Amino acid sequence: MEKGKIIFLNGTTSSGKTSLSKALQNKLVKPFYHISCDMFDSMAPHKEDEILFSSYLETSVSAMHHTIKLYSDLGINTIVDHVILDNNKGSERLSECINLLYNYPVIFVRVDCPLNELERREKLRGDRWQGFAKWQLESIHGHGTYDITVNTYENTLEECADTIIEMLSYPEKFTAFKTLWEQMQS
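Positions within a chain are numbered from 1, following the residues in the order the chain's sequence is written. Two thresholds apply to this predicted model, a pLDDT of at least 70 for residue-level local features and 80 or more for giving and counting side-chain atom pairs, whereas whole-chain, interface and lining totals are computed over all residues. For side-chain calculations, the full set of non-hydrogen atoms in the structure is used, while hydrogens and water are omitted.

J.: With reference to specific residues and values, describe the overall build of the protein chain.
T.: Assigned secondary structure in the protein chain consists of 8 helices and 5 strands. The linear arrangement of helices and strands in the protein chain, starting from the amino end, is β-α-β-α-α-β-α-β-α-α-β-α-α. The globule rule used for comparison is 2.2 Å times the number of residues to the exponent 0.38, while the radius of gyration itself is calculated over C-alpha atoms. Compactness check: the protein chain gives a C-alpha radius of gyration of 16 Å against a globular reference of 16 Å for 186 residues, within 12% of the reference. Residue exposure (1.4 Å probe, protein chains only): buried if accessible area is under 20% of the type maximum, exposed if over 50%, otherwise partly exposed. Evaluated residue by residue, the protein chain yields a buried proportion of 45% over its 186 residues. What makes two residues a contact is simply this: any of their non-hydrogen atoms within 4.5 Å. Considering only contacts within the protein chain whose residues lie at least 6 apart along the sequence, 79% involve residues at least 24 apart. Counting every atom, the protein chain has about 9,800 Å² of accessible surface; 51% of that belongs to carbon and sulfur. Distance from the positive charge centre (19 side chains) to the negative charge centre (26 side chains) of the protein chain: 3 Å. Strands here mean DSSP runs of E at least two residues long; helices mean DSSP runs of H or I at least four residues long; both are numbered from the N terminus. Method for areas: the Shrake-Rupley scheme with a 1.4 Å probe, in which residue coverage is limited to the protein chains shown. The convention is simple: Lys and Arg are positive, Asp and Glu are negative, and His and the chain ends are not counted. Where a charge lies is defined by one atom per residue type, namely NZ (Lys), CZ (Arg), CG (Asp) and CD (Glu).

Structural data, given as structure tokens:
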């Protein structure tokens, strides 16, 4: 069975990943499922003990990574909406994704948006603490290896989606995860 394609979006909160995922689903001819870290985080048991809750979140995120692989193995195309930071947990998350998916058809997409717009969107949403996007922006994309970059402020969601969809025609260019995996091996 042919593996399902994976469009893996990585960007800060309020950068437009979820809206971009929906735009992609609307524009793509073949069906693509949407998996997000917010969905999996919301499945974690919410306990008052911060250490336990953090452990539950990491379990949920790891389950998400394995679900992405499972979907692809089943031939299901997937759009992944994720935030992978450069801190220790972020490095572990990225390593797990790379180890699971380096040999899969993954387009690794950097989703950019300038700070002033992130802060405006964050305030408008009202479901994030103010400053969360700034904090994430300061510690994301450190590995610097992506297949493609889109900017949801400079371009419309439809233009960003079109750029990604065009890339789907060139699977030989899906190299970011393989490159990162090779770097981990040396």
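Read on for the rest.
J.: Provide a residue-level description of the environment of T59, including the pertinent values.
T.: By the element assignment, T59 lies in helix 3 (residues 50–73). Sequence separation between T59 and K178 is 119 residues, and the spatial gap between their C-alpha atoms is 25 Å.

J.: Kindly report on the side chain of T67, identifying the contributing residues and their values.
T.: Here T67 lies in helix 3. Assessed through its relative accessible area of 18%, T67 is described here as buried. The residues touching T67, leaving out its near neighbours within four places in the chain, are I35 and F40.

J.: Outline the nonpolar core, supporting the account with residue identities and numerical values.
T.: We define a nonpolar core as any set of buried Ala, Val, Leu, Ile, Met, Phe, Trp, Tyr and Cys residues linked to one another through side-chain atoms lying within 4.5 Å. Core analysis: the largest hydrophobic core is formed by 24 residues, its most contacted members being I6, F8, I68, L101, F108 and F177. For this core, the elements supplying multiple residues, two or more each, are strand 1 (6–10), helix 2 (37–43), helix 3, helix 4 (88–101), strand 4 (106–112) and helix 8 (176–185). If one sorts the elements of this core by residue count, helix 4 sits on top with 5 residues. Within the second largest apolar cluster, 19 residues are counted, among which are I7, L9, V150 and C160.

J.: If you had to explain the pattern of salt bridges to someone new, which residues and values would you point to?
T.: Between Lys or Arg on one side and Asp or Glu on the other, a salt bridge is scored when a side-chain nitrogen of the former is within 4 Å of a carboxyl oxygen of the latter. Enumeration over the complete set of coordinates arrives at 9 salt bridges. Among the ionic pairs, R120 bridges to E117, the shortest N-O distance being 2.7 Å. You can see R120 and its partner E117 sitting in helix 5 (residues 115–125), 3 residues apart, about one turn around the helix. A residue is classified by how much of its surface remains accessible, and R120, at 45% relative accessible area, is partly exposed. Linked through salt bridges whose partners overlap, the residues forming this network are K3, K69 and D73.

J.: Let's hear about the environment of M1: which residues, and what values?
T.: Topologically, M1 is positioned in the segment before strand 1. Residue classification places M1 among the exposed positions, given a relative accessible area of 79%. Expressed as a C-alpha distance, the spacing of M1 and G75, which sit 74 residues apart in the sequence, is 6.6 Å. In contact with M1, not counting residues within four places along its chain, are D73, L74 and G75.

J.: Describe the side chain of N151, and please don't skip the residues or the numbers.
T.: Mapped onto the elements of the fold, N151 is located in strand 5 (residues 148–151). Residue class for N151 comes out buried when judged on its relative accessible area of 13%. Here a polar contact is taken to be a pair of N or O atoms separated by no more than 3.5 Å, where protein atoms must pair a possible hydrogen donor with a possible acceptor and residues adjacent in sequence count only if both atoms sit in side chains. Within the structure, N151 has its side chain in polar contact with the backbone nitrogen of Y153 (distance 2.8 Å). In this structure N151 touches D112, C113, P114 and C160, once residues within four positions along its chain are discounted.

J.: An account of helix 7 (residues 157–167) is needed here, citing residue identities and associated values.
T.: Every buried residue of helix 7 is listed here: C160, A161, I164 and M167. Buried residues in helix 7, looked at end-on, bunch into an arc of 120°, giving them a common side. Throughout, the arc means the angular range of directions from the helix axis out to the C-beta atoms.

J.: Give me the lowdown on the state of the cysteines, citing residues and values where you can.
T.: Here, the term disulfide refers to a pair of cysteine sulfur atoms separated by no more than 2.5 Å. By the definition in use, this model includes 0 disulfides. Free of any disulfide, C97 has its nearest neighbouring cysteine sulfur in C37, separated by 10 Å.

Interpretation in functional terms is not warranted from these geometric data alone.
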